[in-house]
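These are the residues of each chain, in order.
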There are 2 protein chains.
Amino acid sequence: MASRRRKRERGSARQLPAAPAYVTRKIPFVEYVQEDGLVKLEEQADWILQEIGIEFREDPVALEIWKDAGADVKETRVRLPRGMARKLSASAPSSFVQHARNPEKNVRIGDDATVFAPVYGPPFVRDLESGRRYGTIEDFNNLVKLTYMLPSLHHSGFVTCEPCDVAVNKRHLDMLYAHMRYTDKPHLGAIVEKSRAEDSVAMARILHGSEFVDQNCVIMGNVNTNSPLMVDKVVTEAIRTYSAAGQGMVVAPFILGGAMGPVTTAASIAQAFAEALVCCAFTQLVRPGAPFILGNFLSSMSLKSGAPTFGMPEPVASNYIIGQLARRLGVPLRCGGSLTASKIADAQAAAESADSMHSTIMGGANFVLHAAGWLEGGLSTGYEKLLIDADRLGAYQKLLGGVDLDDNAIGRAAYEDVEPAGHFLGSAHTMSNYETAYYDAAMSNSDSFEQWEDDGAKDTERRAFERWQQMLKDYEPPDLDEAIDEELQAFIARKKEGMADAWY
Amino acid sequence: MASRRRKRERGSARQLPAAPAYVTRKIPFVEYVQEDGLVKLEEQADWILQEIGIEFREDPVALEIWKDAGADVKETRVRLPRGMARKLSASAPSSFVQHARNPEKNVRIGDDATVFAPVYGPPFVRDLESGRRYGTIEDFNNLVKLTYMLPSLHHSGFVTCEPCDVAVNKRHLDMLYAHMRYTDKPHLGAIVEKSRAEDSVAMARILHGSEFVDQNCVIMGNVNTNSPLMVDKVVTEAIRTYSAAGQGMVVAPFILGGAMGPVTTAASIAQAFAEALVCCAFTQLVRPGAPFILGNFLSSMSLKSGAPTFGMPEPVASNYIIGQLARRLGVPLRCGGSLTASKIADAQAAAESADSMHSTIMGGANFVLHAAGWLEGGLSTGYEKLLIDADRLGAYQKLLGGVDLDDNAIGRAAYEDVEPAGHFLGSAHTMSNYETAYYDAAMSNSDSFEQWEDDGAKDTERRAFERWQQMLKDYEPPDLDEAIDEELQAFIARKKEGMADAWY
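Residues numbered from 1 in each chain as written. Chains lettered and ligands numbered in written order. Predicted model: local features only at pLDDT ≥ 70, side-chain atom pairs only at ≥ 80, totals over all residues. Heavy atoms only, no water.

A. Region of the structure containing helix α12 (residues 383-400) of chain A. All names here are of chain A. Compared with an ideal rise of 1.5 Å per residue, which puts 18 residues at 26 Å, α12 spans 26 Å between its outermost C-alpha atoms and is within 8% of the ideal. Of all 18 residues making up α12, 16 are buried, and the element is well covered by its neighbours. Directly after α12, the chain includes G402, whose backbone phi takes a positive value near 75°. (Helix = DSSP H or I, 4+ residues; strand = E, 2+ residues; numbered from the N terminus. Expected span 1.5 Å × (residues − 1). Buried < 20%, exposed > 50% of the residue type's maximum accessible area, 1.4 Å probe, protein only.)

Written as structure tokens, this is what we have:
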């Protein structure tokens, strides 16, 4: 902790609601690697940036920005002298507030604050009765609504599934509308094409007001680098849109070890850190002080097939290590999630997700995309998995809150009522504490075997299926000013009018 | 770490095989509670021992031992002045070797060494096709054989299920025989009646030789205190048998918060620590230097029904905290396990087990009973759960081993072959490292959805069912000297001859 630079925080605590809609960590961070190991990893990242360099492709403006900053630019290769990326990154805040349209749902990201968001990107969805199929806009809206209703998801994410029945070039408009209309939690915006990022910021301006957006983070872009060591225009154009507008950027190298990076874990971590670090520096060149979240997504592979694997000990370890590196850099961290290669919400899915998430939260992640709903290596969003994961997120929230150690919690008074060999049920200390003593897990069944059998011997997936069906029946949309709603719909209609459907 | 007393280790590293059959931790310990909080918990334990005291019932010899040691004994209440229990515990080793009949399976328990053992105690077993039923001696032998074949289970445990078709008073003999004949891993012995503990040590003497047993730990007794704050003769007689013979003792208070202890987590931890600490002190009065493992088993409860719950954040946190307390005391720790309230090996079972185990290992447990096979709050042993858990134990073993940070792992050479935007598959660095880079999880399926569906769309439980059936077909017993085998069988026959069957 001593080595952690404390930097200015963007947005004061006074902006936050009384009961913050995010997790506040009250326990120490985990140190998995010792100081000398961390220095080695940082030196390797510096070496990569100085000696190998990063390809910045498809965006001449980005190359100009690097040249102006004094980087060594040869064609599309950008090399940064040792320390330059870190020095530029110093203006990125260690934490910041992302504003929701409902101020009670504002989140702080960074330092001791952690925010959970659902899975991002799957083209498929799965539920217990309909099985696996391409996602539709109906699925998408359902998933936004469920995320709104699940208290341990603080953030609405963005592509909770791909709405594959909407044209590729128009999809982002419908997704943005859903995140602005059916929920009041904060969310991400579109990427891929610069115009879609611009649409996202434009719609955020309608929702929040232009002046507010200029002074506050209300939306963020989330992108992957093109590992190894390539940053394409998807990244730089998103940064030149979101960061330039003072909005947040999340850059997460996705490295399948042995494919997009070396197969050894240490090397993958150093490469991912270098890639994210150079993007952090780039955001600060575009707009000093713009909120940046350092991302990390490492995957291992199956020896038998070369297929990506999830929840395995090497990526689990990397969550702890990247946490240490991000704290030393002093920027918020995105890593981990409830990851699995399983096709269904079974024991494999839950075990892999839990080990992945446990290290994610104990390692100090501040923004956790894929925190719920991820199946099948990210190819599929599970309705049941969303609920099962979200239930565990509530448990992690409590774990991060630490254990009370005041006089009541130490409980000396309890022994005034209860003798050795006695029973604490019904004692004054138990009665005054039991309602808040333990996490109330919605998806865990603690009935006796006989009760459970009488109730139909339902497994977790079945119970989750029944629960989300009921939740959708109970869903009520949060209020939205009618004028704003109309303006959003008019914006979308206008944009769609000018475009032919594109399906790729 | 600075506050950790390093004490003499019993058994030198030279006694251990070249490839130790246990886990060696290479990462730092997790500090969940700060120093001042730990002092509060220790002070509360001291206060309990001095002001409330512990009931030592049913064993006048134990009371005499306490009187002779200078404790304040009034009828059956034993009070220890502040610091006395800790001072007596100083002679307990911080780690020790438990010898197996095959020296290559010897385990070290304590300090940086961790040992995994299967579930202990369930009267029921469950498998996917036969469902839930009372355990039999055939189930018991099967489970001992499977544990023998699973490399991440280092220890055979003891009551992997209750063999309910054997008379209660004879069961321990058949169980001991199975652990001595069908496996060559170390195991525990019987408790409950002093004669059964004595039979365990007697049979261990046949297996290992009397002289060897006198000088080395070859068997251990595992008992629960009778919380709150009661220690009955099951505990003291086991200690007066196992510890007196220089064998190991594990004492684990089992506290369902709000019933056998206060409902607040801090209070339960302090009480459990006090109960285990006083038993540690008692072992050292019986035989200074006798190996002792400080146990801890805290459970939370459902607000709705009062039923015990597992894998919830409060017991998960307690694993981290009791780890800190045990290190400060300087004795090996037993805690946690793959715990769940689920009736089957589904998502609930896996999630609860994973969070419970992740904190168990990261928190620094040295001996993990219930590390595999536990279902239904410990009422049932799952055949499939045993295999699924054991597979995850292999992952935890790798996680505890840390991440290589040597030049090869940092992988600078990898970039000689691979340019930015290139591909590491087939590169020299990948080829020379990929076989050992990632954990090979036997129970995780990373196939594509289509492959998985073509193979029958089997969930984890189904794959585990098929695997254990095949394993039992492949089982071959380890060699055992025929004379010893005959002597063991003769001992059992002689003992059984003199007893009428008792069924309760």
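B. Representation of the relation of the copies chain B and chain A within the structure. Mapping chain B onto chain A leaves a residual RMSD of 0.0 Å; the transformation is a rotation of 180° accompanied by 0.0 Å of translation along its axis. On the angle and the small slide along the axis, the relation comes out as a two-fold axis. Minimal C-alpha separation from the rotation axis in chain B is found for A347 of chain B, amounting to 2.2 Å. The share of interface residues of chain B whose copies in chain A are also at the interface is 100%, consistent with both copies meeting through the same surface. (Least-squares fit on C-alpha atoms with pLDDT ≥ 70 in both. Contact = heavy atoms within 4.5 Å.)

C. Molecular detail of the pattern of salt bridges. The tally for this structure, following the rule as stated, stands at 58 salt bridges over all chains. When the shortest N-O distance is used, the salt bridge between R462 of chain A and E129 of chain A registers 2.9 Å. Of this pair, R462 of chain A sits in helix α17 (residues 460-474) while E129 of chain A sits in the loop between β8 (124-127) and β9 (131-134), and the two are 333 residues apart along the sequence. For E129 of chain A, a relative accessible area of 53% translates into the label exposed. The partner of D440 of chain B in a salt bridge is K304 of chain A, with the nearest N and O atoms 3.1 Å apart. Here D440 of chain B, found in the loop between α15 (428-437) and α16 (449-454), pairs with K304 of chain A, found in the loop between β16 (297-301) and β17 (308-309), and the two come from separate chains. Overall, K304 of chain A belongs to the exposed group, its relative accessible area being 65%. Here the salt bridges do not stand alone but share partners, grouping E35, E42, R86 and R328 of chain A into one network. (Salt bridge = Lys/Arg side-chain N within 4 Å of Asp/Glu carboxyl O.)

D. Up close: unusual backbone geometry. The amide bond that connects S227 of chain A to the next residue, P228 of chain A, takes the cis arrangement and shows omega of 5°. With respect to the helices and strands, the residue P228 of chain A is situated in the loop between β11 (219-223) and β12 (230-231). One non-glycine residue, D111 of chain B, adopts positive backbone phi at about 50°. Inspection of the secondary structure assignment puts D111 of chain B in the loop between β6 (107-110) and β7 (113-116). Looking at D111 of chain B, the relative accessible area reads 4%, which means it is buried.

The analysis is restricted to geometry; functional conclusions fall outside its scope.
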